[in-house]
Amino acid sequence: MSRPEPRSPEFAPARMDDVELSAPLPLLGRGGEDGGTVFARSLCLVRLHGAPLGTVELELPDGGLRPEALARRVEAELGAELARHLRGDGLEPCPVDPSGFGELEHPPCQARRFAFLADPPEVSVVICTRDRTDSVRTTLNSLLGCRYPASRFEVVVVDNASADDSLSEMVAAEFAAGEVAVRVEPEPEPGLSHARNRGLAVAQADLVLFADDDVLLDREWIAALAEPFADSGVGATSGMTLPDVLETPTQRWVEGFGGRTRVFEKRIFDLAAPPLDRPLFPFTIGEFGAGRNMAFRRGPLLELGGFDTALGPGTLAHDGDDVEALLRVLLSGRRIVHEPAAIVWHAHPRDYAELEDRVFGYGVGLTATLTRALIDNPKLFVDLLRKLPGGVSFALAKDSEKNAGRQGDFPRQLTWRELGGIAYGPAAYARSRLDQRRRAKRRAGTGAAGGTARGESR
């Protein structure tokens, strides 16, 4: 039985701000107009020439935080990152100027992006949804605002067994006649992995980008995810997730559950060149990316079997179809590029019971995914045993990279829920594989067309 949200005396609502240093800095207000939320803090994403430098958490005084004070805080916390960026652009490092650094018509740091967008590859963007028409509308509007030629991308909205036709009606009325091709594809078999496989099967481009139906997409999202594929050895990419707002303690604990400090530098994951600062690689799979913000080469992923339908929301294994696909791409010999400039803003759950369920599901999905990897690659077992003590410390130690970022009032119950899920994951995966096989037999027996065979568990 789920517990009510624990008390959090130290909590104060935080807004999310996006500040560009080349432009005049804004006054960060506290809100509250027309009865809205009054914010005590800002989690501020700081950029220069569009490139994210980092985040700064700020207290918002009465009357708001003035540009001069904002400049001092950014300089104090991100001065080194700013200096590196300026040097890279051939500019002398200097303090943050409240009036902005001034716009450059073609910043050197953006030269590669400008060249890429002059002749970019075609991409398919897949958004999977079920009974969330209003949320999909918001995501689509942000997607169509991305800086990417309209003729070079299509949008596939996969309707995963919704209760009515409102999604198709909304897309037909509001998006079908636009410059970008937007279409709805039905997937009658419930389960996110089935929906993702449907999108993968019908996508027309070689590069397939996946976004959730509850995110806002940054203007550079498509380009940032697609650009690394210019390297033929790259099989998948992923980006960074930021909260859209932190209005409740539960939403702040979602941030704490992730634990790790966000990395604002591009990371390349490669079995042939393991990252020296990741001793548990490749078993800390959460750092590879998440389903709300990832992309794949379509052909290789199809050859690998698509998404495992015994994993993911809607299955007995709860979660993990996204990171399992990323891990399988990595284990096949291709690289994963994590590009922090590919940003989505996610609507974190507000309900504590929902967070409890998600935390348990993440734990289940973690070890279910590793179970699948060991089935496919038995040689990994020796490496896993060698790294297991470090993995236990990573999961349990208060000062580990996973746990050090958690708030002082982070509910202990969430930790136990995650550990319970981790313990249950292997059994859950075995049960889920059997369940999916029974479902596939029933569909075959009735001649049902729903659910692609590509992602079926072996």
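A brief look at the structure comes next. (Residues numbered from 1 in each chain as written. Predicted model: local features only at pLDDT ≥ 70, side-chain atom pairs only at ≥ 80, totals over all residues. Heavy atoms only, no water.)

## Focus: the nonpolar core
For clarity, the threshold we go by: Throughout this description, the term nonpolar core refers to a set of buried Ala, Val, Leu, Ile, Met, Phe, Trp, Tyr and Cys residues connected via side-chain atoms within 4.5 Å. Residue exposure (1.4 Å probe, protein chains only): buried if accessible area is under 20% of the type maximum, exposed if over 50%, otherwise partly exposed. Secondary structure follows DSSP: runs of H or I at least 4 residues long count as helices, runs of E at least 2 residues long count as strands, and numbering of each begins at the N terminus. Any pair of residues with heavy atoms lying within 4.5 Å of one another is described as a contacting pair.
Within the largest apolar cluster, 37 residues are counted, with the highest numbers of intra-cluster contacts made by Leu140, Leu143, Trp221 and Ile222. If you tally residues by element for this core, the top one is helix H6 (residues 221-226), at six residues. Among all residues touching Leu143, those that are not within four sequence positions of it are Val125, Ile127, Phe153, Val155, Leu217, Trp221 and Ile222. Counting 31 residues, the second largest nonpolar core, distinct from the first, contains Val126, Ala236, Phe307 and Val329.

## With respect to a negative patch on the surface
Using the following cut-off: Excluding any residue in a salt bridge, patches collect residues exceeding 30% relative accessible area, merging like charges within 9 Å and nonpolar Val, Leu, Ile, Met, Phe, Trp and Tyr side chains within 5 Å. A 1.4 Å probe and the Shrake-Rupley method give the accessible areas. Residues count as covered only by the protein chains that appear here. A pairing counts as a salt bridge when a side-chain nitrogen of Lys or Arg comes within 4 Å of a carboxyl oxygen of Asp or Glu. When charges are counted, Lys and Arg contribute as positive and Asp and Glu as negative, whereas His and the chain ends are disregarded. By convention, the point assigned to a charge is CZ for Arg, NZ for Lys, CD for Glu and CG for Asp.
A surface patch of like charges, here negative, comprises Asp131, Asp164, Asp165 and Glu169. As for its placement among the helices and strands, Asp165 is situated in the loop between strand S5 (153-159) and helix H4 (166-174).

## Considering the sheet that holds strand S10 (residues 245-246)
Convention followed: Strand pairing is assigned whenever DSSP detects at least two bridges linking the two strands. What counts as an axis is a line fitted to C-alpha atoms, over the stretch in contact for a helix, and the angles between N-to-C directions run from 0 to 180 degrees.
The four strands lie next to each other as S3-S2-S1-S10, forming an open sheet whose pairing is mixed. The open sheet has two edge strands, strand S3 (51-59) and S10, and neither has a second partner. Packing against the sheet, helix H1 (residues 67-88) makes contact with strand S1 (14-20), strand S2 (41-48) and S3, and its axis sits at approximately 165° to S3.

## What to know about the pattern of salt bridges
Under the counting rule described, the total for this entry stands at 43 salt bridges. A salt bridge links Arg113 to Glu220, with the nearest nitrogen and oxygen atoms 3.1 Å apart. Placement of the pair is Arg113 in helix H2 (residues 111-118) and Glu220 in the loop between strand S8 (215-217) and H6, with a sequence separation of 107 residues. With respect to class, Arg113 is no different from Glu220; both count as buried. Close ionic contact of Asp383 with Arg386 constitutes a salt bridge, the shortest N to O distance being 2.5 Å. Of this pair, Asp383 and Arg386 are both found in helix H11 (residues 380-396), three residues apart, which corresponds to roughly one turn of the helix. The exposed category is assigned to Arg386, whose relative accessible area is 60%. Residues joined by salt bridges that share partners form a network here, namely Arg112, Arg113, Arg147, Arg219, Glu220 and Glu227.

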